[in-house]
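If you want the building blocks of each chain, they are given just below.
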Amino acid sequence: MTDATPDRHVVIVGASLAGTRTAQGLRTLGHTGRVTLIGAESGLPYDRPPLSKALLTSDWTPSAIDEVRLVAATELEDLAIEYRSGTAAIGLDTAAKLVRLADGSEVGYDVLVIATGAAARPSPWDPGSGVHQLRTLDDARMIAGRLALKEPVVVVGGGFIGTEIAAAAVHYGCPVVVVDPVPEPMARLVGPEIAGSLVGLHLRNGVQTRFGAGVVGIEGRAGDLRVELSTGEHLEASTAVVGIGSVPATAWLAGSGLTLDNGVVTDEFLRAVGAADVYAIGDVARWPHAGRAQAVRAEHWTNAGDQARYVATAIARGTAAAYASSDYVWSDQYDWKVNAVGWRDPRGTSVVVGDLEESGRTAVVHLDAEGAACGVVTVNWVRALNQARRRLLAGEPGTVIVGALRQLL
Ligand SMILES: Cc1cc2nc3c(=O)[nH]c(=O)nc-3n(C[C@H](O)[C@H](O)[C@H](O)COP(=O)(O)OP(=O)(O)OC[C@H]3O[C@@H](n4cnc5c(N)ncnc54)[C@H](O)[C@@H]3O)c2cc1C
């Protein structure tokens, strides 16, 4: 249970999806107290998924960039959200209820929302130039500039973001190789059936893969890189983009007394463990997931927005219900729309409905080790996704869900 505190000063640290949506949500829900939004990056808050998709292949005009903004300056003003951009938080004193900022100032809070998200897992290879990572708007702009040269690119990491970058490289006309030490890198999220089809899609579009091969080193400089693989092969590239996951942005919380363990650990109400009146949401938060036997840190857009709405409600109106995740994630790969709800148990089994090659759409229903339906992944099939999502929420057995999806074929 959380009590409503609609007239208190709420300070939100991290001004991206989770932070911005919390600030907006507080006002929508009638919060009358001060709202301060603090962001390390300059400029207006922006959305990240387009950085590896539409924006990466756009013409980078001011209007293309405006499209990814999460809020306009006028709206921040209208909602009386005090926005401090380009100022990182560097410390937290939970006893004095103070956030210390990099510019030397301090901001006191009644309620603190930590929404500092994640940063790209640092590349172990740093030859001086030519190796890029993608997390911010500036990163995307730099990578787009390199792709526009149409020169060979090596993408290290075959997850969603790595393969989306590879598709963008193809769009620009670059020869591209994706390297990953795991034989089926996307299988962890979508299962082997769809992972295999996705690899086929990339190959058909001209992407080369070296899966099951690790990168041992990257040498040279931008325009003249040499990527050494564990198999002994060397790849020549003009640009390398390293997408090997992300790490929660918690360094500024060291010594704060909060429990930090692969993110800010929270209770089921998203209240940070270790201090009163502190919440953590979005990519930085690790919370006890009701449907799984463990704490979870999700790095998905929908979760960040849902948690923002939940916490804004908890602060403005109070709530008796624990946070319940919708467990939804998507990726765009060329013209394929991949959607996943729920989760995949690596010890479980799966049932495929529909033939992707024949009909251009498919759904895979995942069952956990006990045989209960726990997740569904669809490709180009929104109707099946929506139906499966409802049925999963209702706790229907896997056989019933599979039957219903077959009816839709
Ligand atoms: C290229 C890319 C593509 C993606 N595509 C998809 C997709 O297709 N589908 C999907 O579901 N998800 C996708 N995601 C993930 C999704 O964007 C994230 O889940 C979402 O952005 C999380 O929002 P957040 O606000 O929690 O954290 P973030 O977006 O990481 O934002 C955190 C903000 O806090 C700021 N910050 C960090 N430290 C401090 C500090 N000390 N002081 C002040 N500010 C600080 C950061 O600068 C940043 O602006 C993608 C992510 C990336 C990078």
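Rules used throughout
Residues numbered from 1 in each chain as written. Predicted model: local features only at pLDDT ≥ 70, side-chain atom pairs only at ≥ 80, totals over all residues. Heavy atoms only, no water. UniProt positions renumbered as here; feature names shortened; annotations may be inferred. Helix = DSSP H or I, 4+ residues; strand = E, 2+ residues; numbered from the N terminus. Buried < 20%, exposed > 50% of the residue type's maximum accessible area, 1.4 Å probe, protein only. Contact = heavy atoms within 4.5 Å. Near = heavy atom within 4 Å. Polar contact = N/O pair within 3.5 Å; in protein donor to acceptor, adjacent residues only side chain to side chain. Areas by Shrake-Rupley, 256 points an atom, 1.4 Å probe, with all protein chains shown as cover. Nonpolar A, V, L, I, M, F, W, Y, C, P; charged D, E, K, R; others polar. Domains from an automatic or database assignment. Pairing = 2+ DSSP bridges. Axes fitted to C-alpha atoms, helices over the stretch in contact; angles between N-to-C directions. Salt bridge = Lys/Arg side-chain N within 4 Å of Asp/Glu carboxyl O.

## Side note on the UniProt feature "domain: FAD/NAD(P)-binding" (unreviewed entry) in the protein chain
Summarizing the sequence annotation, UniProt attributes the feature "domain: FAD/NAD(P)-binding" (unreviewed entry) to residues 9-308 in the numbering used throughout. Within residues 9-308, the helical portion is 24% and the strand portion 27%, while the C-alpha atoms at the span's ends are 17 Å from each other.

## Things to note about the environment of Leu56
Along the polypeptide, Leu56 turns up in the loop between β2 (35-38) and α2 (62-66). Given the relative accessible area of 0%, Leu56 is considered buried. Sequence spacing of Leu56 and Gly145 is 89 residues, and the spatial spacing of their C-alpha atoms is 9.5 Å. Setting aside residues no more than four positions away along its own chain, Leu56 makes contact with Pro50, Leu51, Ala140, Ile143, Ala144, Leu147, Ile165, Ala168 and Tyr172.

## Let's talk about the UniProt feature "domain: Reductase C-terminal" (unreviewed entry) in the protein chain
UniProt feature "domain: Reductase C-terminal" (unreviewed entry): in the numbering of this structure it lies at residues 328-394. Annotation note: span residues 328-394, helix share 24%, strand share 46%, distance between end C-alpha atoms 16 Å.

## As for the site of the ligand
With respect to spatial proximity, 32 residues lie near the ligand, and among them Glu41, Arg48, Lys53, Arg135 and Asp283 are the closest. A distance of 2.6 Å is found between an oxygen atom of the ligand and a side-chain nitrogen or oxygen belonging to Glu41. Measuring from an oxygen atom of the ligand, one finds a side-chain N or O atom of Asp283 at 2.8 Å. Here the ligand loses 93% of its free accessible area of 1000 Å² to cover by the protein chains. Residues that form the shell around the ligand fall into these classes: 18 nonpolar, eight polar and six charged. Counting the residues that make up the shell around the ligand, at least three belong to each of domain 1 (10-119 + 247-316) and domain 2 (122-244).

## Observations concerning the sheet that holds strand β6 (residues 106-108)
In sheet architecture, strand pairing relies on hydrogen bonds along the backbone and comes in two forms, parallel and antiparallel. Taking strand neighbours across the sheet as the criterion, the three strands line up as β4-β5-β6 in an open arrangement whose pairing is antiparallel. In this open sheet, the two edge strands, each paired with only one partner strand, are β4 (89-93) and β6. Neighbour-to-neighbour, the strand axes of this sheet turn through a mean angle of 20°, independent of strand direction.

## Topic: unusual backbone geometry
Even without being glycine, Lys150 reaches a positive phi, approximately 60°. The exposed category is assigned to Lys150, whose relative accessible area is 52%. Even without glycine at this site, Leu270 takes up a positive phi of about 65°. In this fold, Leu270 is placed in the loop between β18 (264-265) and β19 (278-280).

## As for the pattern of salt bridges
Enumeration according to the criterion identifies 17 salt bridges in this entry. As a salt-bridge pair, Glu41 and Arg48 come within 3.1 Å of each other at their nearest N and O atoms. According to the relative accessible area criterion, Glu41 is partly exposed, its value standing at 32%.

## A look at the pairing of strand β20 (residues 285-288)
Strand direction decides the pairing type here: β18 and β20, joined by two bridges, are parallel. Of the residues in β20, the one forming a bridge with Val265 is Arg286. The pairing of β20 with strand β21 (residues 295-296) spans two bridges and is antiparallel. Residue Trp287 lies in a different strand from β21, and its bridge partner there is Val296.

## Quick word on the domain arrangement of the protein chain
Each assigned domain of the protein chain is listed with its residue range as follows: domain 1 (10-119 + 247-316), domain 2 (122-244) and domain 3 (335-408). Each of domain 1 and domain 3 has a C-alpha centre, and the two are 32 Å apart.

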